[in-house]
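What the coordinates show
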Amino acid sequence: MQEWANQLCENRQFGSKMTDSKYFTTTKKGEIFELKAELNSDKKEKKKEAVKKVIASMTVGKDVSALFPDVVNCMQTDNLELKKLVYLYLMNYAKSQPDMAIMAVNTFVKDCEDPNPLIRALAVRTMGCIRVDKITEYLCEPLRKCLKDEDPYVRKTAAVCVAKLHDINAQLVEDQGFLDTLKDLISDSNPMVVANAVAALSEIAESHPNSNLLDLNPQTINKLLTALNECTEWGQIFILDCLANYTPRDDRESQSICERVTPRLSHANSAVVLSAVKVLMKFMEMLPKDLDYYGTLLKKLAPPLVTLLSAEPELQYVALRNINLIVQRRPEILKHEMKVFFVKYNDPIYVKLEKLDIMIRLASQANIAQVLAELKEYATEVDVDFVRKAVRAIGRCAIKVEQSAERCVSTLLDLIQTKVNYVVQEAIVVIKDIFRKYPNKYESVIATLCENLDSLDEPEARAAMIWIVGEYAERIDNADELLESFLEGFHDESTQVQLQLLTAIVKLFLKKPTETQELVQQVLSLATQDSDNPDLRDRGYIYWRLLSTDPVAAKEVVLAEKPLISEETDLIEPTLLEELICHIGTLASVYHKPPSAFVEGSRGVQHKRLPGSAGSGESVESPDTGSAAGVSDAPPAVIPSQGDLLGDLLNLDLAPPATTTGPPPPTSSGMQMGAMDLLGGGLDSLMGDESEPPPIPLRTDTPQSPQLPHQSPSPPDYSPTELGGDLGGSPAMGAGFGAPPAAMPASFNAPVSGGLDDLFDLGGGVGMPSGAYSPPKSIWLPAMKAKGLEISGTFARRAGVVQMEMTLTNKAMSVMTDFAIQFNRNSFGLAPAGPLQVLTPVSPNQSIEVALPLNTVGPVMKMEPLNNLQVAVKNNIDVFYFSCQYPISMLFVEDGKMERQVFLATWKDIPNDNESQFQIKDCHLSSDAASSKLQGSNIFTIAKRTVDGQDMLYQSTKLTNGIWVLAELRVQAGNPNYTVSLKCRAPEVAQCVFQSYEAVLKN
Amino acid sequence: MIGGLFIYNHKGEVLISRVYRDDIGRNAVDAFRVNVIHARQQVRSPVTNIARTSFFHVKRSNIWLAAATKQNVNAAMVFEFLYKMCDVMTAYFGKISEENVKNNFVLIYELLDEILDFGYPQNSETGALKTFITQQGIKSQHHSKEEQSQITSQVTGQIGWRREGIKYRRNELFLDVLESVNLLMSPQGQVLSAHVSGRVVMKSYLSGMPECKFGMNDKIVIDKQGKGGGSEDAAKSGKQSIAIDDCTFHQCVRLSKFDSERSISFIPPDGEYELMRYRTTKDIILPFRVIPLVREVGRTKLEVKVVIKSNFKSSLLAQKIEVRVPTPLNTSGVQLICMKGKAKYKASENAIVWKIKRMAGMKESQISAEIELLPTNDKKKWARPPISMNFEVPFAPSGLKVRYLKVFEPKLNYSDHDVIKWVRYIGRSGIYETRC
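Note that the structure is predicted; figures quoted are calculated from it, not measured. (Residues numbered from 1 in each chain as written. Chains lettered and ligands numbered in written order. Predicted model: local features only at pLDDT ≥ 70, side-chain atom pairs only at ≥ 80, totals over all residues. Heavy atoms only, no water.)

Moving on to the overall build of chain B. Within chain B one finds nine helices and 23 strands. Relative to its full complement of 436 residues, chain B shows a buried share of 55%. Of the contacts formed within chain B by residues at least 6 apart in sequence, a portion of 70% connects residues at least 24 apart. (Helix = DSSP H or I, 4+ residues; strand = E, 2+ residues; numbered from the N terminus. Buried < 20%, exposed > 50% of the residue type's maximum accessible area, 1.4 Å probe, protein only. Contact = heavy atoms within 4.5 Å.)

Another aspect to go through is the sheet that holds strand β5 (residues 831-832) of chain A. Sheet strands associate in pairs through backbone hydrogen bonding, adopting either a parallel or an antiparallel arrangement. All names here are of chain A. Here we have five strands laid out as an open sheet, ordered β1-β2-β3-β6-β5, and antiparallel in their pairing. Edge positions in the open sheet fall to β1 (778-781) and β5, since each of these has one partner strand only. Pairing of β5 with strand β6 (residues 847-855), which is carried by two bridges, proceeds in the antiparallel orientation. Note on β6: the bridge partner recorded for A831 is N855. (Pairing = 2+ DSSP bridges.)

Counting from both sides, the interface comprises 104 residues of chain B and, opposite them, 119 residues of chain A. Summing the contributions of chain B and of chain A, the shared interface buries around 9,400 Å²; its carbon and sulfur component is 55%. In terms of surface lost to chain A, no three residues of chain B exceed R44, N72 and T156 of chain B, which account for 7% of the buried area on that side. At the surface where chain B touches chain A, the tally comes to 13 salt bridges. For E374 of chain A, the salt bridge is made with R435 of chain B, and the minimal N-O distance between the two is 3.0 Å. Put simply, chain B and chain A have 44 residue pairs in polar contact (both at pLDDT 80 or more) between them. Ranked by residues supplied to the side of chain B that touches chain A, first place goes to helix α2 (residues 75-93) of chain B with 12 residues. Within the side of chain B that touches chain A, the residues separate by chemical class into 41 nonpolar, 36 polar and 27 charged. (Buried area = accessible area lost by both parts, 1.4 Å probe. Salt bridge = Lys/Arg side-chain N within 4 Å of Asp/Glu carboxyl O. Polar contact = N/O pair within 3.5 Å; in protein donor to acceptor, adjacent residues only side chain to side chain. Nonpolar A, V, L, I, M, F, W, Y, C, P; charged D, E, K, R; others polar.)

We now examine the confidence of the model for chain A. Close inspection of predicted coordinates is inappropriate for parts of the model with low pLDDT. Residues and elements named next belong to chain A. Mean pLDDT for chain A: 78, with 80% of residues reaching 70 or above. A low-confidence stretch, residues 1-18 stays under pLDDT 50, and its non-local contacts, those more than four residues away or across chains, total 24 contacts. Across residues 613-770, confidence stays below pLDDT 50; counting only partners more than four residues off in sequence or on other chains, it has 168 contacts. (pLDDT = per-residue confidence, 0-100.)

Written out as structure tokens, the structure is:
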């Protein structure tokens, strides 16, 4: 080598400095001028030296584009070295000097005709790198010739040049028919030409996902497989990567390709091996599992994968990332190879971390002892990330291999004893997961964990510890103190910790209600009032509501049995895994991301799938969905327990502030309302001045507010007085939720109560003031069907007039005007009493409210159902049709109260056949309340009789068309089911009337 | 494909910058420097994604080689290419150092132009490259037409690693079986993992286009032959055969033939190259056994005793033996007594280094050390890195034996008997560690 270098120096014969490194040192002013002069020198050697200096300057980032014409002048030379240097310069600067680059074209075209194939190839190679449109035009003819050159070296270079040209001007390549020539090259006699053609076509095909460019059929596959045995290592990679895109027609073809690819597994080049593994992994999907060959192939895959681990560390890293995928897809391949993944002391950190990951994936009952011993060793290493991961791995082993759990836990305890801060924290995080997998098994270690409470400074560890304390609050004597200590710096904690603390304290409260009143109050107010974080605030509100309305439900929800966590939480999602398997060896497999995630533009957008495996991905059940289901499945039956006691404790004790200061809640709402009162009243009283009577609780007097989950039956074993006595000793309970947890800024008043209103006001209360029931608005005409016009509406009877109340919303892009409305004939002759009053145009995204008074003098036609109404609405755009149903109670007139005698007579007069009986279920009103409610909708009670604790209400109603409906409503105290019997001369209306009964009573 | 290739010195200054694709801009060079070379922490991955550009890098002494791309390239190929690039450069100008790179930058550009076209790796066999990339300012006319087509057919041909017309007066070949034996042993002497990774390196000085066939005591081959021959033969040879877990070959070896017949046949490159690599895990001869004894005496003193036992034929000699016993960071002084060789405490390396020039088989030697420690408040326990060992032995720890290497050259008149053949076995320590 030295000899060779000397030779170089001799050849140059230049002064004292003999080496090229001197070119890097010149930075004088006026350098450009000097270079210019040298470039134009007559002496060839001087010229070459000058070009070298230019290239050196270019490399270090200096702008030497000013020398363009002078450098191009040096191009006409028979010195290959000089020519190459000039070309290098051209490739860099041609784009910035397109006009001058034209100067070079002639030389290129001439060189493409040179007798020396090396020069021809050099010219065509360089031309393709000059991204100037004008030059590409001149490139076409020489390229066409070179693609058919007699010399394979020129052809292989020309093949790549097609890809270059395609990158500059795809259309040109297609128009000139270069793609077809390229396809022909796949059948070339020279393996390297084939390989380059395959590489070029593959890349071009990627940017045309749907083109049939790489028309892979058994014949071409055969050609590729033949070339595979003969071409360079790089060519083998191109061909294997291309083969991986092919989908064999059947398992026999698949097997024969596999057989021809397997020898590549012994190649010294790791990339060849990995690409071969990719082809095999993909085509294996098509082989029947019972085939002998399938088993043989599986066995053949393991040794080469293991061998990859003795490559250089960078390649080991690529291999390990890929093995991670392979192990997830086909764990059987490497299940006996655990040892090779043991970490070596000198491995680079990125290799160590990846090995660790694979070790956990391969851990099983058979090898767990070895794995644990290793992990314990790793946990004492230096690199913090690695140590953390090792500790975490121990936890994952415990969760994965049940038999090892105990040893894992004791190993973790040993590690905690080291008191190394990050080890302790990491250990606590994984112990939490172990608890979640094996509840009630290892709680004996909690004491040890609690000792380390103070050293935890990372959110995840703090959150884990808090979770443990909350979950096992009943076993930790000083759980309240522990949690309280966290509460002090609540606002400095991360959200993760805050949320966990909130939940933990609520759990604690539900488990030990008597001692932790203050604590829970404190945390609820911190979460809801002093926090800007919506997650935290909402969770706080939900707990608060839950606790105050129905503590039993709260207990069921919060302390519900949680589903066990699954074994492997970090598996790659199956469809992504399939895609990544198709990308083995590539960057996608290193990043574990699909190419679309990191490749710009259209390239790589195509998602690859494994053949014949659609829908084979087994879904891993996520623990979260399970927990939601678990809650809703909880049986509603409540067994009297501490929970009930708790519920009543809250109710009894917390109701007073509301009952004493506000109006007494209606008896009908009972205990439940009392509980609700607590929040409204409590909050209000808390916000208002203590000395003044607080404002009327928001919800206590509105029986129409939505029903809360369910009422807790009173516990049979305890009487209220007993409880009161019990509670006497607990001042915290006395204050209840109503007590101000902290001085509260007045500005919070609105948002807090407003927030609660929003949360629980689910659309009730419409039409209450007028007395008559009116259903909430529903969408009659969706915007989709009416070119952007959306109509929602309802019917109401206001002051004896039937009204159609509508909201017209313009969801189109243009303004809407000229509204008009028309009804089809209907059962009761409903018709608009006037035109539709839409005075202003409705602009996009605007909504307007319209009330259309109706009369009942229109044409009559019996509809099915009886209360169906067909409407046509017109605007400047089009005419739209829809139909809606009106509650028949709209048509109940105000003078529908029959005289008692008339009622009796009519009742008898109407034949019994016309009588129909209905049940109204789950109505909790007293007979009086029901009566008054019905009267609001013009159903009049004429008489009431009480027989055996059963109230019988006799009622009458008159429709606009004069039809009388008589009714008998039976209400039994304590029975939520009413029975209503209807008698009418026109029995068709009975069904509609009954619906109105139900609607009125229930709303 | 590879969009750009950059070479930096240890300061992050660009020595070579070659851009192949339009999507890699000049700023990519700086991005890598700022984010990787100048990054404060240790390299966490050899692949880095910066602003949607992926960088692959390898380091040779203090020179960084980086390849940049925006596509989903074959990552294994990029690294293989970078290594190959290093091999080619080494073959041309020796060690990869800042000075050598600067001195040969024109050559490097020329090489880069040849072996990477539009980011696709092309023929990178130095044997072929040296025929036409010479840096001697050759004029295009210098080559005759025949020479030119010979060059191109060699570069693109099936036997790209060898040129025609090689002549030697004396046909000679050297085979080196180089093995590195790796061990991880528990303090109790249990083998946690052990494997041999071996290489067969061949230096061939053979005329013409010789067809070679290589044979070794591969268990699969021997068992197959044993079936055909006498059972006695099989039993005899069965003892000596070894189970090879896996092997890979230089691209000159016909892989399909190996796959079907397990025979290793090839036309070798001229000069030195690596014929094969292999790995074994069964029946490995562990040349040395290390028995550590560490006792903590109070908080400020540590007693260490290490015994090494040589475990091979007593007629053989191991050389360059070195035992490295790590010491805690707070070591203040060390007293050493060793029976053989020289031992020194090297504070800068936090280790006691015990060197023995030669040691015969079936011997035993030991070292005792008393380590004084400074009292520290550091809560963190000393990690106790494993005791490592280096050595060289004149046999193959895997048990591999070369059975034959036959040479046929039908066109020239020399036969297998005329070729002078040399075989040598060297076993070295790889990562040979015993935990303490």
